Amino acid sequence: MRKCFCSQWRSFFVHGERLCGNMSCEITTVDDLRTDPPTRKCSTSSTNSTSSMNSTNSAGSLATSDGDVDVAAVAIPSSAVVVYVTDDAVATMSVVSCRGDRTCATVANVDESSSDIHTDRDECSSDESCNGPDSPTGLKRVGSVYDFGLDEADSPPPCANHPFAAGPDADLTKVARKQLRMIREVDVAVCHLNHTNTIISKILSSKYLRRWENHQIRLQDDCITSNTPSGFLSKTIGYEAIKDLYPVKRWDSNFKYCLRVVVNNGSYLLQTTNQYLRDQILYSILWKKNVQETQTLLKSQSDPDDMLKELQNIVDFAKNIPLVDDEIFHMPTFIASTLMTRDQEKYCKQSWEKTLIGTLRPLIEDCPPSAEMCSFLSHHCKDQSSLPIIKDSLVYTITRILKHNFDFARTLTARTLVQDYIKALYIQDRSGESIRYFLSRVHSASAVCPHNRVLPNMVSTCITAIYSASEELPANCSEAEFDCYYTNHLRCYIVVLQNISEYSDWLYGLAQLLRPLPFPALLLIRSIFMEDISSVILKIGLHEDCEIHKQVLAVRETKDGWFDLCSPIEAVFCGSSIVWTQLLKTLMACERCKKKKLLKNLKAKHLGTCVSEALKNNKIVMDVLCLMLEWMVVEDLHQRNQIVDTLKSTEFGRNVYDEFMSRQNQLLELQRKGGPQNLSLPARGTDLDLNSMFDCGPFGNLESVDLAFTNVTDTCANTLIKLPSLKVLNLWGTQFGDSGLLIISDHLTNLQVLNLCETKVTDRGIVSLISLINLKKLNLNSTKATVRSVDVLKKKLPGLHEVDVRYSFAW
C-alpha cells in the first residue's frame, strides 16, 4: 500500500490504481513487513527534490517552530521527501540535514493516533522508540565530546558528522545524574543484524529468526573484544568503526534492555539484565571512543592552540559524563603530560602552559594529579618566572593532595610537588605572607579544620624536605655556610610550621608530631634553627591546656624533649634562659601536671641549671628549688646543702627559704603534738572549711578523713597532702576529679583505702594511683573507670586486693 500527502490527502494507490487527483505529489511506500506488529517503517523512493536539502541548517540541528512538535530521525536517502498520512491525522515531514546515508527530518503535527511512527534507529523496538524516558537525551555535540545537560528547547541534538550525534531523547538528565561505575568486563547477550534493505534480510532479522549469543565482552583502550572470540564477536569491534550508539528500551517482550552498536557492515545488539548495567556499558564505550579519537587527533596535529581545544573538549566530556572512575580524571592529564614530554621546546611556553593548567584545573581539583602532571608542575614551581602563572591555580591541587593522600611513600611526585611549591612561595616572598595565605586556604574558613589528613601530611612533607636538604650539607661546613644554606633551602619549611602553630585546632596535633624531635641531629645543635623553632615550641609550651603544653617534655625519661633542649646551659641558646624559664613556669603552674615527677626529672637532668639560674636571681627557679626541698625530692645531703646555700645567696632566695622553714616547723609541731586520728567533715562542707579546720589545731596523727557528700573539689588535695600519716580517705559523692588525684598520688604514699564512688575521676587520674604502693582497697563505683585503667592498677599494685567497679561508665 502506498500513501501520499497532498491537498487531496485521502486519495491513495491501492494495488497500482491511482485514487489521487494530484499527479505531482510525492509518493512514499509504506512497508508492512515490520518486525513487531505495532511498528511502521517508512522507506522512501528517491526523487529529484533537491530544494529540501537547502533547509539543512549549518549546525546540523533540528529546529521546529511549534513547541509541541514531535521530532524523529528517519533513515532515508539524502534527496527524498517523506510524506506520511493516516486516517486520523496528517504528518508533514521535511528534510533538514543529512548524515552519511541517513537523513534527519522533522515530523510535525502528529496526533496521538500516529504516535507509533518509528525511525531507523528504532526499527528494533516493539512499542516505544529509543527516545523513551530511559534513553540518553540532550546529548549535544561540543567539539569532539558531548554535553549531558538538558537542552533548553527540548530539541534533538545537532546532527553533526560525528557518529554519536544521537536522536531526540527525553530524559538524559536522569541518566547523567547517576553515578555509574565504568565497565571493563561484563556478560551480555549479543545479536548481529545486517543493514541491507532486502526483504530476505528483514525476514532473517525478525524476532522469530534472531540468534543470540552469550559473551563476556571486554572494553579495551582501542576496541571491544570477547573473552571467548567466536560467532558474532569472532573479530574485535574497533571504536573507530562504530558509527552510532544508542539504547533501545525494549526490543521485544523477552529482551528488554538493549544497546545498539551501529558499525559499517551492520549493527550489534548488546542485551543486559537491567537498565543500570546498560547505561554503564553505554557511557563506558562513549568514554573509550572519545579518548581514542582525542589521542588520534592530537597525534596528527601540531598547532598548540588546536591541541588545547581538543584537550578542553575531553576535559568537558570528563566533567559531564556520569561515570565515576579514576581513569576519567587521570586520562586527560596523562594526555597532556604526553604532549609536553613529546616536544618540550615547542609546548613549554608560559602562555600555553597557563592555558593548559587552567584547562586541567577542574579535573585536578576533583582527583589528585598523575605522576606526570606532578612532575610538570614541580618543574614550573622551580622556575620563578612561571610561578606567578601557577601560584593561584595550584592551591586547589596542593589542597587535594594533602587531603586525600594516605601514604606519600607511594606518591613521591605528589610530595615533591608540595615541597617545591612551598619553597617557591618562600623564595618569592621571604616575609612569609604567601605561605600564610596558602595555609589559610588549605585550613578552611571554619574555626575547626574538618580534614584530618591535612595536618599530618603537611608536617611530614616539611620534615621529609628538611631531612633531604640536610643530607646535601657538607660534613664540616662552617657556621656561615650553614646559615646561608639554611636560609635558602630549609627555613621555608620552618615558616610553614610557625604558621601552623597559629591555628588552635592544629596546635595539639602539631605538638604530638613534634614531640619526638623529628629533625636531624645536625640541626638541633645549630642556634639559627633553634631560634626559629623556639617560636613554635613557645606556642606549644605556653598553652593553657595541659594536654598541649606537656608535649614539650620528653616521651621517655631516657630521651630528651624540647624542654631539655631549651635549657640555658646548652650551647645552642648561648646562655639565654627566657624560653626555658617560661616553659618551666607553665609546667609548675598547671594543676593537672604531675609536679613531683617533674621535679625529679629536673633534679636528675637540670639541677646544675637550676642552681645557676637561681644565682642570677631567677625567682621562678628559686621557688622550684624550695619545692624540691619541701617535697623531699633531693635526698643527697650535699645537694640539699648546695640548694640552701644558693637560696641564701640572694635576698629573694632568703625570703623563700625562710617561708619554707616556717612551714616545716609548723608541720613538725603538728606531728609532735599529735591530735585525733579520725576526722569527718559535715555535709555541705567546702574546701575553705577543711582548710580552716586544719588551722585550728594539731592533726599530725590523723589517719582517716571522711569527706563523703560534701562540696569539696580538687583544691582540697593541697590540704590533704599535709597529712603524711593518712591511710583512709573517703571522697564519696564529692566534686573530686583527676587533678586532685594527680596531687594525692605524688604525696600520700601511705594511703591504704580510697573511696572515689560517684566522683568525676576518669582513667587519666585513676592510672596515676600506681604510685600509691600501699593501696589495698579502691572504690570506683559509679565512675568513668574503664577496664583498661583497672587492669593497669592490678598489674602495678599487687597489694590491691579489692576494687569496686559496679555501675561504672564502661561496665
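Residues numbered from 1 in each chain as written. Predicted model: local features only at pLDDT ≥ 70, side-chain atom pairs only at ≥ 80, totals over all residues. Heavy atoms only, no water.

1. Quick word on the overall build of the protein chain
Right, so step 1: On a plain count of helices and strands, the protein chain comes out with 31 helices and 26 strands.
Right, so step 2: The buried share among the 811 residues of the protein chain stands at 51%.
Right, so step 3: Entry remark: accessible area of the protein chain is about 37800 Å², with carbon and sulfur atoms responsible for 50%. (Helix = DSSP H or I, 4+ residues; strand = E, 2+ residues; numbered from the N terminus. Buried < 20%, exposed > 50% of the residue type's maximum accessible area, 1.4 Å probe, protein only. Areas by Shrake-Rupley, 256 points an atom, 1.4 Å probe, with all protein chains shown as cover.)

2. A few points about the pattern of salt bridges
When the charged atoms of two side chains lie near each other, side chains of opposite charge can form a pair.
Right, so step 1: Summed over the entire model, instances satisfying the criterion amount to 20 salt bridges.
Right, so step 2: Between R184 and E327 there is a salt bridge, and its shortest N-O distance comes to 2.9 Å. Of the two residues, R184 sits in the loop between β12 (180-181) and β13 (185-193) while E327 sits in helix α5 (residues 326-342), which places them 143 residues apart along the sequence.
Right, so step 3: Residue classification places R184 among the partly exposed positions, given a relative accessible area of 36%.
Right, so step 4: The partner of E479 in a salt bridge is R526, with the nearest N and O atoms 2.9 Å apart. Of this pair, E479 sits in helix α14 (residues 479-489) while R526 sits in the loop between α17 (521-524) and α18 (527-541), and the two are 47 residues apart along the sequence.
Right, so step 5: One salt-bridge network, in which partners are shared between bridges, spans R184, D221, K288, D325 and E327. (Salt bridge = Lys/Arg side-chain N within 4 Å of Asp/Glu carboxyl O.)

3. Re the sheet that holds strand β22 (residues 704-706)
Right, so step 1: The six strands lie next to each other as β21-β22-β23-β24-β25-β26, forming an open sheet whose pairing is parallel. Taken across any chain shown, the strands that pair with only one partner, and hence form the sheet edges, are β21 (678-680) and β26 (802-804). Between one strand axis and the next, the sheet turns by 5° as a mean value, whatever way the strands run.
Right, so step 2: Of the pairings in the sheet, the one linking strand β23 (residues 728-730) to strand β24 (residues 753-755) comprises three bridges and is parallel in character. Bridge pairing links L729 to L754 in β24. (Pairing = 2+ DSSP bridges. Axes fitted to C-alpha atoms, helices over the stretch in contact; angles between N-to-C directions.)

4. Considering the pairing of strand β15 (residues 223-226)
Right, so step 1: Residues C223 and T225 point to one face of β15 and I224 and S226 to the other, with burial holding for every one of them.
Right, so step 2: Between the end of strand β14 (residues 213-219) and the start of β15, which pair antiparallel, lie three residues.
Right, so step 3: Pairing of β15 with strand β16 (residues 237-238), which is carried by two bridges, proceeds in the antiparallel orientation. Each bridged residue has a counterpart across the sheet, and for C223 the counterpart in β16 is G238.

5. With respect to the sheet that holds β14
Right, so step 1: Read from one edge to the other, the open sheet built from seven strands follows the order β16-β15-β14-β13-β19-β18-β17, with strand pairing classed as antiparallel. This sheet does not close on itself; its edge strands, each paired only once, are β16 and β17 (244-248).
Right, so step 2: Lying over the sheet, helix α3 (residues 275-300) contacts β13, β14, β15, β17, β18 (257-263) and β19 (266-272), oriented at roughly 25° with respect to β18. (Contact = heavy atoms within 4.5 Å.)

6. Digging into helix α11 (residues 412-428)
Since the α-helix packs 3.6 residues into each turn, any two residues three or four apart lie on the same face.
Right, so step 1: With 17 residues, α11 extends 24 Å from end C-alpha to end C-alpha; this agrees with the ideal 24 Å at 1.5 Å per step.
Right, so step 2: Here α11 has its buried residues at A414, R415, L417, V418, Q419, D420, Y421, I422, A424, L425 and Y426. (Expected span 1.5 Å × (residues − 1).)

7. As for the pairing of β19
Right, so step 1: Along β19, seven of the seven residues are buried, which leaves the element largely enclosed by surrounding structure.
Right, so step 2: Neither face of β19 is open: one carries G266, Y268, L270 and T272, the other S267, L269 and Q271, and all of them are buried.
Right, so step 3: One ladder, built from five bridges, connects β13 with β19; its direction is antiparallel. Opposite L193, over in β19, you have S267 as the bridge partner.
Right, so step 4: Pairing analysis gives seven bridges linking β18 to β19, with the strands arranged antiparallel. Bridge pairing in β19 places L259 opposite L270.
Right, so step 5: Connecting β18 to the antiparallel partner β19 that follows it, the hairpin turn spans two residues.

8. Let's talk about the packing of aromatic side chains
Right, so step 1: Considering all chains together, one arrives at 10 aromatic pairs under this definition.
Right, so step 2: With a centroid separation of 5.3 Å and an interplanar angle of 70°, the aromatic rings of Y421 and F438 are classed as edge-to-face. Remark: F438 occurs in helix α12 (residues 433-443) and Y421 occurs in helix α11; sequence separation between them is 17 residues.
Right, so step 3: Look at Y421 and you get buried, because its relative accessible area is 1%.
Right, so step 4: Residue class for F438 comes out buried when judged on its relative accessible area of 3%.
Right, so step 5: Pairing F519 with W562 gives two aromatic rings, centres 6.1 Å apart and planes at 65°, and the pair type is edge-to-face. In this pair, F519 is assigned in the loop between α16 (504-514) and α17 and W562 in helix α20 (residues 562-565), connecting sequence segments 43 residues apart.
Right, so step 6: A residue is classified by how much of its surface remains accessible, and W562, at 2% relative accessible area, is buried.
Right, so step 7: Three or more aromatic residues link up through ring pairs in this structure, and these residues are F482, Y486, F519, F529 and W562.
Right, so step 8: Above the ring of F652, the side-chain terminus of K619 is found at 5.2 Å from the ring centroid. (Phe/Tyr/Trp six-rings, centres within 6.5 Å; stacked < 30°, edge-to-face > 60°. Lys NZ or Arg CZ within 6 Å of the ring centre and 35° of its normal.)

9. Points about the confidence of the model for the protein chain
Right, so step 1: On average, residues of the protein chain score 74 in pLDDT, and 69% of them reach the 70 mark or higher.
Right, so step 2: Predicted confidence in the protein chain is weakest over strand β10 (residues 140-142), with a mean pLDDT of 32, and strongest over helix α15 (residues 491-500), with 95.
Right, so step 3: Residue range residues 1-177 is modelled with pLDDT below 50. Its contacts to residues more than four positions away, or to other chains, number 351 contacts. (pLDDT = per-residue confidence, 0-100.)

10. Section: the packing of helix α8 (residues 371-382) against α11
Right, so step 1: Remark: α8 packs on α11, axes separated minimally by 9 Å, with the N-to-C direction vectors making an angle of 15°. Judged by the inter-axis angle, α8 sits roughly parallel to α11. Read as a crossing pair, α8 and α11 show a hand that is left-handed. Residue-level contacts link A371, C374, S375, L377, S378, C381 and K382 of α8 to T413, A414, T416, L417, D420, Y421 and A424 of α11.
Right, so step 2: Residues belonging to the contact of α8 with α11 are distributed by class as follows: eight nonpolar, four polar and two charged. (Parallel < 35°, antiparallel > 145°, perpendicular 65-115°, else oblique. Left-handed = near helix turned anticlockwise from the far one by under 90°. Nonpolar A, V, L, I, M, F, W, Y, C, P; charged D, E, K, R; others polar.)

11. A word on the packing of helix α21 (residues 578-589) against helix α24 (residues 619-630)
Axes are the key here: two packed helices are described by the angle between their axes and the distance separating the axes.
Right, so step 1: Between α21 and α24, the least distance of the axes is 10 Å, while the angle of their chain directions is 45°. Taken as axis vectors, α21 and α24 run oblique relative to one another. The crossing of α21 and α24 is left-handed. Contact with α21, carried on its side by W580, T581, L584, K585 and M588, involves I620, V621, V624 and L627 of α24 and no other residues of that element.
Right, so step 2: Within the contact of α21 with α24, the residues separate by chemical class into seven nonpolar, one polar and one charged.

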